[in-house]
Amino acid sequence: MTKTTKRTTGAAGTDPILSTRALNRATLDRQLLLRRSPLSVMAAVEHLVGLQAQEVKPPYYALAARLDGFTPEKLSGPLADRAAVRIVTLRSTIHLHTADDTLTLRPLVQPARDREVNLFRKGLVGVDLGRLAVIARDLVEAEPRTMKQLREALSAEWPDADPQSLAVAARCTLPLVQVTPRGLWGRSAQVALTTVEHWLGRPAEPAASPDAAVLRYLAAFGPASVKDMQTWSGLTRMRAAFERLRPQLLTFRDESGVELFDLPDAPRPDPETPAPPRFLPEFDNLLLSHADRTRVIPPANRGRTWQANTFYCPLLVDGFLAGVWRILGDALVIEPFVELSKQQRADVLEEGERMLRVLHSEDSYDIRFGTVIP
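All values reported here derive from a predicted model rather than from experimental measurement.

Let's shift gears to the overall build of the protein. Along its length, the protein carries 14 helices and 14 strands. Reported as C-alpha extents along the three principal axes, the dimensions of the protein are approximately 65 × 55 × 35 Å. The contacts of the protein with a sequence gap of at least 6 include a subset with a gap of at least 24, amounting to 67%. With 47 positive and 45 negative side-chain charges, the protein shows a separation of 3 Å between the mean positions of the two kinds.

Omega for the bond connecting Thr180 with Pro181 falls within 30 degrees of zero, at 20 degrees, which places this linkage in the cis form. With respect to the helices and strands, Pro181 occurs in the loop between strand E4 (176-178) and strand E5 (193-195). Between Gly222 and the following residue, Pro223, the backbone shows a cis peptide bond with an omega angle of -5 degrees. As for its position among the elements, Pro223 is in the loop between helix H11 (210-221) and helix H12 (226-233). Here Arg91, not a glycine, exhibits a phi torsion of approximately 55 degrees, which is positive. Along the polypeptide, Arg91 turns up in the loop between strand E2 (84-88) and strand E3 (94-98).

Let's shift gears to the packing of aromatic side chains. All told, the structure shown has nine aromatic pairs when counted by the stated rule. Their ring planes at 55 degrees and their centres at 5.0 Å tell us that Phe242 and Phe261 sit as a pair that is tilted. Of the two residues, Phe242 is situated in helix H13 (residues 239-245) and Phe261 in strand E7 (residues 259-262); the sequence distance between them amounts to 19 residues. In textbook terms, an aromatic cluster arises when at least three aromatic residues are bridged by ring pairs, as seen for Tyr60, Tyr61, Trp185, Phe279 and Trp325. Just above the ring of Trp185 sits the side chain of Lys57; from NZ or CZ to the centre is 5.9 Å. One cation-aromatic arrangement involves Arg345 over Phe369; the distance from NZ or CZ to the ring centre is 4.0 Å.

For the rest of this paragraph, the subject is helix H14 (residues 342-359). Across its 18 residues, H14 extends 26 Å between first and last C-alpha, which sits within 8% of the 26 Å expected from 1.5 Å per residue. Those residues of H14 lying buried are Val348, Glu351, Gly352, Arg354, Met355, Leu356, Val358 and Leu359. In this fold, the buried residues of H14 make contact with helix H3 (58-64), strand E8 (278-279), strand E11 (313-317), strand E12 (320-328), strand E13 (331-336) and strand E14 (366-369).

Two elements in contact, helix H7 (residues 129-142) and helix H8 (residues 147-157), have axes separated by 11 Å at closest approach and are oriented at 135 degrees. As summarised for this structure, H7 and H8 are arranged oblique, according to the angle between their axes. Handedness of the H7/H8 crossing: right-handed. Residue-level inspection shows Arg131, Leu132, Ile135, Ala136, Leu139 and Val140 of H7 in contact with H8, the latter providing Leu150, Ala153, Leu154 and Glu157. Class assignment of the residues belonging to the contact of H7 with H8 gives a composition of eight nonpolar, no polar and two charged.

What follows is about the sheet that holds E11. Remark on secondary structure: sheet strands pair via backbone hydrogen bonds, oriented parallel or antiparallel. Read across the sheet, five strands follow the order E8-E11-E12-E13-E14 without closing on themselves; strand pairing throughout is mixed. Unpaired on one side and paired on the other, E8 and E14 mark the two borders of the sheet. As judged from the six bridges shared by E12 and E13, these two strands associate in the antiparallel manner. When the bridges of E13 are listed, Trp325 appears paired with Ile334. Docked against the sheet, H14 engages E8, E11, E12, E13 and E14, running at close to 145 degrees with respect to E14.

All right, on to the nonpolar core then. Among the nonpolar cores identified, the biggest contains 37 residues, and Leu63, Phe70, Leu75, Phe279, Trp325, Met355 and Leu359 are the most heavily contacted of them. Not counting residues within four places of it along the chain, the set of residues in contact with Trp325 comprises Tyr61, Phe279, Leu280, Cys313, Pro314, Leu315, Leu332, Val333, Ile334 and Met355.

On any regular strand, side chains alternate: one points to one face of the sheet, the next to the other face. The element E3 is extensively covered by neighbouring structure, given that five of its five residues are classed as buried. Across two bridges, the pairing between strand E1 (residues 51-52) and E3 is antiparallel. Its bridge partner being in E3, Leu51 is matched across the sheet by Leu96. Sheet topology places E2 next to E3; five bridges connect them, and they run antiparallel.

This brings us to the side chain of Arg268. Its location among the elements puts Arg268 in the loop between E7 and E8. Residue Arg268 is classed as buried on the basis of its relative accessible area of 5%. Polar side-chain contacts of Arg268 include one of 3.1 Å to the backbone oxygen of Leu263.

Turning our eyes to something else, we now look at the packing of H11 against H12. Pairs of packed helices are described in terms of their axes, by the angle between the two and the distance that separates them. H12 packs onto H11 with a crossing angle of 95 degrees between their chain directions and a minimal axis gap of 11 Å. Between H11 and H12, the interaxial angle falls into the category roughly perpendicular. Every residue of H12 that contacts H11 at Ala213, Val214, Tyr217 and Phe221 is listed here: Asp228, Met229 and Trp232.

With that out of the way, let us pick up the sheet that holds E4. Taken in spatial order, the five strands line up as E1-E3-E2-E4-E5 in an open sheet, and their pairing is antiparallel. Looking at which strands have only one partner, the edges of the open sheet turn out to be E1 and E5.

Parameters at a glance
- Residues numbered from 1 in each chain as written.
- Predicted model: local features only at pLDDT ≥ 70, side-chain atom pairs only at ≥ 80, totals over all residues.
- Heavy atoms only, no water.
- Helix = DSSP H or I, 4+ residues; strand = E, 2+ residues; numbered from the N terminus.
- Contact = heavy atoms within 4.5 Å.
- Lys, Arg positive; Asp, Glu negative; His and termini not counted.
- Charge placed at Lys NZ, Arg CZ, Asp CG, Glu CD.
- Phe/Tyr/Trp six-rings, centres within 6.5 Å; stacked < 30°, edge-to-face > 60°.
- Lys NZ or Arg CZ within 6 Å of the ring centre and 35° of its normal.
- Expected span 1.5 Å × (residues − 1).
- Buried < 20%, exposed > 50% of the residue type's maximum accessible area, 1.4 Å probe, protein only.
- Axes fitted to C-alpha atoms, helices over the stretch in contact; angles between N-to-C directions.
- Parallel < 35°, antiparallel > 145°, perpendicular 65-115°, else oblique.
- Left-handed = near helix turned anticlockwise from the far one by under 90°.
- Nonpolar A, V, L, I, M, F, W, Y, C, P; charged D, E, K, R; others polar.
- Pairing = 2+ DSSP bridges.
- Core = buried A, V, L, I, M, F, W, Y, C linked by side-chain atoms within 4.5 Å.
- Polar contact = N/O pair within 3.5 Å; in protein donor to acceptor, adjacent residues only side chain to side chain.

Okay, structure coming up:
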C-alpha cells in the first residue's frame, strides 16, 4: 500500500497527481470491492453511508459483491427488526441506511428535498405545505399508506391541486420510510409509507453536520473533489465545509488538474493491485457518486448500462466497467463490452458462480456469455 504523508498547500502544481488507475484502486478499496470484507452487514451499510435501493434486490447484490459470508437473511433481518430502513435521501433516490444514519442524514439533505418540491409548484397552487405536512403525517402514522392512498386523501383536502404533486410534496416535506415486508428478500409487497419517527419509535435528531458528512464521504468514496461530494449527496455549496477541513486533509490532483481531498490515513493502494471481477446491481453507488466517473467508467463505456428505459447491471473487470449482466430465465447472461482474455473469462465465471450460490442457491442457473456489445 502506498500513501502520501506530506501535507500539501493545495496550490496548483504542488499537489501529487493521482492517475485514473490510482483513483480506481483507492475507491474500490474503500467500497470493499478489492477484497471481500469481514464487516457485518450493518457495519458495511454504515461505512458505505447507505446503499442505493430503488428496487428491492440491488442492496443484496451490492453486499454479496462486498462482504465475506453474506447471506440475504443477514440484511432482511435488520430490515425486519427496523435496524435498517429504506428512505429517500441522497440524490432524491431511495437508499437503505442504518436507523441511526437515517435520523441524521435525512435532515442533512432536506434542502435538496425542498428544491424538489419547487419543481412541482405549478401543481400546488393554493396549497399550504405546513398544513399538508401535518395532514400527511396524521394519515401515515395512523396506518402506512401507499402513494396512491396519499394522493387520494390529500386530493380530498385540495381538489384543485395536482394529486401527484400533493403526494410528492408529502414525501419531500416528511421523512417517509418504506415499511416491511417491502425490501425483504424473497417477499413482495407494495410500497407503503410512514414517518421514520413512527416506524423507529424514536424522535427526530439534529442533522449531521456538513463537515462530518464530508469526512464520511471521503472514507467511502475518496479521494474526491467538492463537485464529487455534491454529486453524491445532491447538496450544493459544500466548498465551505471542505475549506474548514482543509488543514486536516491531504490534497491531490487528478490527471485533468482537478483538486481532490482525502483523509490522511485512508487507503491508497498501488495502482497495479489486482482487482477481481465483481457483479454489481443497477445504480450501484460506485458508479453514481462522482462528478467525474472515469475512475470506474472508461469514456468509451459511458452510458452503456442502460438503453431506453432498461437498466442493466454492471460487470467490473480489472476494476472498471467492462460489461453488463442479467438473470434471464434460468441463465446468468454476461455481455462484455470487449473481448475478455481466457483468464478473465475464467475469473468472471468463478465470480458469477459465487454470486449465484450466495443469492440463488435454491435454483439452478446456467452461465453464458452473450454477444460482445459493440
